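Below are the chains, spelled out letter by letter.
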Amino acid sequence: MIFPSSLSRLLSYELKKWMATISLSITQRLAYKVNFFLLFLGPMLVFFLVQYNLWHSLFLFREGAPIGGYTRDEMIAYQGWVLVTALLTQGFHSRDLAQDIRLGRISSYLIYPFDFWQYHLGTFLGLQCIQLCIATTAVAALFFTGVFQELSATHLFLGVSVALCAGLLWYLIQYALGLFAFWIEQTWTLRVLFALIASFCSGAIFPLELLPEWAREIVLLSPFPYLTYVPVKTFLGAELDLPLPAPVALTFWSIVVWGCGKLLWNRGMRMYTAAGM
Amino acid sequence: MKNLRTQMQYYGTLYRSFFELCAAEALSFRTHFVLLIVVDLIFYGTMFGTAEVLYHHVEEIGPWNRSQFLFFVAFFLTVDQLHMTLFAMSFWEFSSDLRLGKLDFWLVKPAHILFIVFFRHIRVASLLLAPLVWGALIFSGIQVGLSPLSWCMLPLLVLLSLALLITMEILLSAAMFWTVENDGINFLRMQVQSVGRWPDFIYQYLFQKLFSVFIPILLVTSAPVHYLLQTRGEEVLFFLLAALLGMLFLVSKVWRYALLRYESASS
């Protein structure tokens, strides 16, 4: 039986490890600031600028006539929220994780009092802290530049909550993809493949209402809309017609992907040899 | 003249060796080989898919109808496929070579450093997709009814576009000599490419100028396609050539300066 004092010591000990990892992750990410900007923020900003120009000009060519039920201002606001959602969800990628496996560095984690998955989750949480600050700045900048015509505290709170859950799902997918390093030499192809499909099916390039009915129904059965479309619509305060409520679907997909990750880790560890260690 | 021929033969032999080595390496990792093909196919699918979705809701984007826009996409993918096959991997390897000090070995080789660094890694898997993208380009060219002159100019313009893209990327990559972590520069390179995936007329004035004059990525695909579709005159070809010559000049100057800046990581 664990006494309250022992439990509190244990919790404090665990918390220290998590806080140290998160702090280390923040320091590491910000050590090379230009690299951080180009690696994490640059792609999202360029994506937004391209999307902004594209939709702005499409509406200009049509003299403001709506496209797929969206007016010019609604579409620009949609793209603005895509940027905020991307900042909150798509920061983590499993390159470091795959390298740890490929170069045999996971042997260290096997003897540390902090598991491999705990370390990488801590790294992800550290990155999320930075991204949350950047996303807050982005929301303010987009509001003052008129991209967002109005801000509602309720929708903002709900949107951030859904986006953070979507970020966790993104992390779990990236984690599972990184674990393929046990079997294949390069996992970046899987990451790129996932990013390509996600950008098309998640509603990042265009809202899912623009897809043909049959395609939208198929896409809504996958986890992709929950990575961008659902958080964006929550930020916008729009009614969503989903097969499952967003929190339930996000929990469901997170559990499924986490289970796949667990399975991959167990299988991978069975064949891991750490040559030269 | 004889000297030039000997040089060409020498570099030809070197390039053949690079290709054989890359082919042997690619076939050793078959899962990766297949995945590379799948990634490219999905990329092509998303490019055409995005255009289809947009044209499902609008009849024209700027001055172009659906067929003209699909020709633009096919042209972009043809340049991109050549870029992916012949050069893309080299930029990532260069980043790693620079950080690990492996550039020392390439600097002492009896060949031009730019040739060794940027022509060494060939992605054999992407080579297999060449018939697909060229097929799409020819098919979309027939759909838009290219003139005989445009058909003759098409291969030349693809090569010119590729040359401009590569010189621009080499110039951007020279920045790696000044940075400690180089992956960011490679990501910047990819972002610049992503700007060129859309025609120039979708961008507002400031962006058009920025990406046509300072970083002339919009000239890579938009300029030749405008010429081929005759939506603009010959002046776009002049801009394309001028940008290419300007980039070549800058590469020769900046690269020399960057090499002086190089401090081997291993010595």
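Everything quoted here is computed from the prediction, not taken from an experiment.

What should I look at first to understand the overall build of chain A in this one?
Along the backbone of chain A there are eleven helices and zero strands. Going residue by residue from the N terminus, the α and β elements of chain A occur as α-α-α-α-α-α-α-α-α-α-α. Relative to the globule expectation of 19 Å for 277 residues, the C-alpha radius of gyration of chain A, 21 Å, shows essentially globular dimensions. In chain A, which comprises 277 residues, the proportion classed as buried is 42%. Partitioning the intrachain contacts of chain A with sequence separation of at least 6 by distance along the chain shows that 76% fall at a separation of at least 24.

Please explain the overall build of chain B as it appears in this structure.
Within chain B, the regular secondary structure consists of twelve helices and two strands. Seen in sequence order, chain B has helices and strands lined up from the N terminus as α-α-β-β-α-α-α-α-α-α-α-α-α-α. Against the 2.2 N^0.38 benchmark of 18 Å for 267 residues, chain B shows a C-alpha radius of gyration of 19 Å, consistent with a compact globule. Expressed as lengths along the three principal axes of its C-alpha atoms, the size of chain B is roughly 60 × 45 × 40 Å.

Looking at this structure, how should I read the interface of chain B and chain A?
How big an interface is tends to be expressed through the accessible area that disappears when the partners come together. In this complex, chain B contributes 36 residues to the contact, which on the side of chain A involves 33 residues. Of the residues forming the side of chain B that touches chain A, the biggest block, 14 residues, is contributed by helix H2 (residues 30-57) of chain B. Class assignment of the residues belonging to the side of chain B that touches chain A gives a composition of 20 nonpolar, 13 polar and three charged.

Help me out: how do you make sense of the packing of helix H3 (residues 66-100) of chain B against helix H9 (residues 183-195) of chain B in this one?
When two helices pack together, you describe them by how their axes are tilted relative to each other and by the distance separating the axes. Residues and elements named next belong to chain B. Between H3 and H9, whose axes approach to 9 Å, the crossing angle comes to 160°. Considering their axes alone, H3 and H9 lie roughly antiparallel with respect to each other. Two packed elements cross with a definite hand, and for H3 against H9 that hand is right-handed. On H9, the residues that touch Phe 91, Trp 92 and Ser 95 of H3 are Asp 183, Asn 186 and Arg 189. Its residues assigned to classes, the contact of H3 with H9 shows two nonpolar, two polar and two charged.

Looking at this structure, how should I read the nonpolar core?
The nonpolar side chains of a soluble globular protein tend to be buried, and buried together. The biggest cluster of nonpolar side chains holds 141 residues, and the ones touching the most others in it are Val84(A), Ala166(A), Leu169(A), Tyr226(A) and Leu164(B). Looking at this core, the element that brings in the most residues is H3(B), giving 18 residues.

Would you explain the environment of Leu179(A) in this entry?
All names here are of chain A. Counting through the fold element by element, Leu 179 comes out in the loop between helix H7 (153-178) and helix H8 (188-201). Separated by 81 residues in the primary sequence, Leu 179 and Ala 98 place their C-alpha atoms 6.4 Å from one another. Apart from the residues within four sequence positions on either side, Leu 179 is in contact with Gly 261, Leu 264, Trp 265 and Gly 268.

Looking at this model, I keep getting lost on the environment of Gln128(A). Mind explaining?
Residues and elements named next belong to chain A. Among the secondary structure elements, Gln 128 is positioned in helix H6 (residues 116-144). The exposure class of Gln 128 is buried, given the 21 C-beta atoms found within 10 Å. Note: C-alpha distance between Gln 128 and Tyr 272 (144 residues apart in sequence) is 30 Å.

Looking at this structure, I do not really get helix H3 (residues 72-89) of chain A. What am I missing?
Residue pairs spaced three or four apart in an α-helix point in one direction, given the helix's 3.6 residues per turn. Taking 1.5 Å per residue as the helical rise, H3(A) with its 18 residues ought to reach 26 Å, and the 25 Å between its terminal C-alpha atoms agrees with that figure. Across the 18 residues that make up H3(A), a large majority, 15, are buried.

About the criteria used
Along each chain, the written sequence defines residue order, and numbers are assigned to residues from 1. All chains are assigned letters beginning at A, and all ligands numbers beginning at 1, according to the order in which they are written. Only residues with pLDDT of at least 70 are given local features in this predicted model, and only at 80 or more are side-chain atom pairs given and counted; all residues enter the totals for whole chains, interfaces and linings. Strands here are runs of E lasting at least two residues and helices are runs of H or I lasting at least four, both read from the DSSP assignment and numbered beginning at the N terminus. Computation of the radius of gyration draws on C-alpha atoms, with the globule rule given as 2.2 Å multiplied by the number of residues to the power 0.38. As a rule, residues whose C-beta atom has 12 or fewer other C-beta atoms within 10 Å are exposed, those with 20 or more are buried, and those in between are partly exposed; C-beta atoms are placed from the backbone. Here the contact rule is simple: place C-beta atoms from the backbone, and any two residues whose C-beta atoms are within 7 Å are in contact. Under this grouping Gly is polar, as are all residues other than the nonpolar Ala, Val, Leu, Ile, Met, Phe, Trp, Tyr, Cys and Pro and the charged Asp, Glu, Lys and Arg. Angular values range over 0 to 180 degrees, each being the angle between N-to-C directions of two axes fitted as lines to C-alpha atoms, with helices fitted over their stretch in contact. Roughly parallel means an angle under 35 degrees; roughly antiparallel means over 145; roughly perpendicular covers 65 to 115; every other angle is labelled oblique. We call a crossing left-handed when the near helix sits turned anticlockwise from the far one by less than a right angle, and right-handed when that turn is clockwise. Definition of nonpolar core: a set of buried Ala, Val, Leu, Ile, Met, Phe, Trp, Tyr and Cys residues joined via C-beta atoms within 7 Å. Multiplying one less than the number of residues by 1.5 Å gives the expected span of a helix.

Honestly, it's all geometry; don't read function into it.
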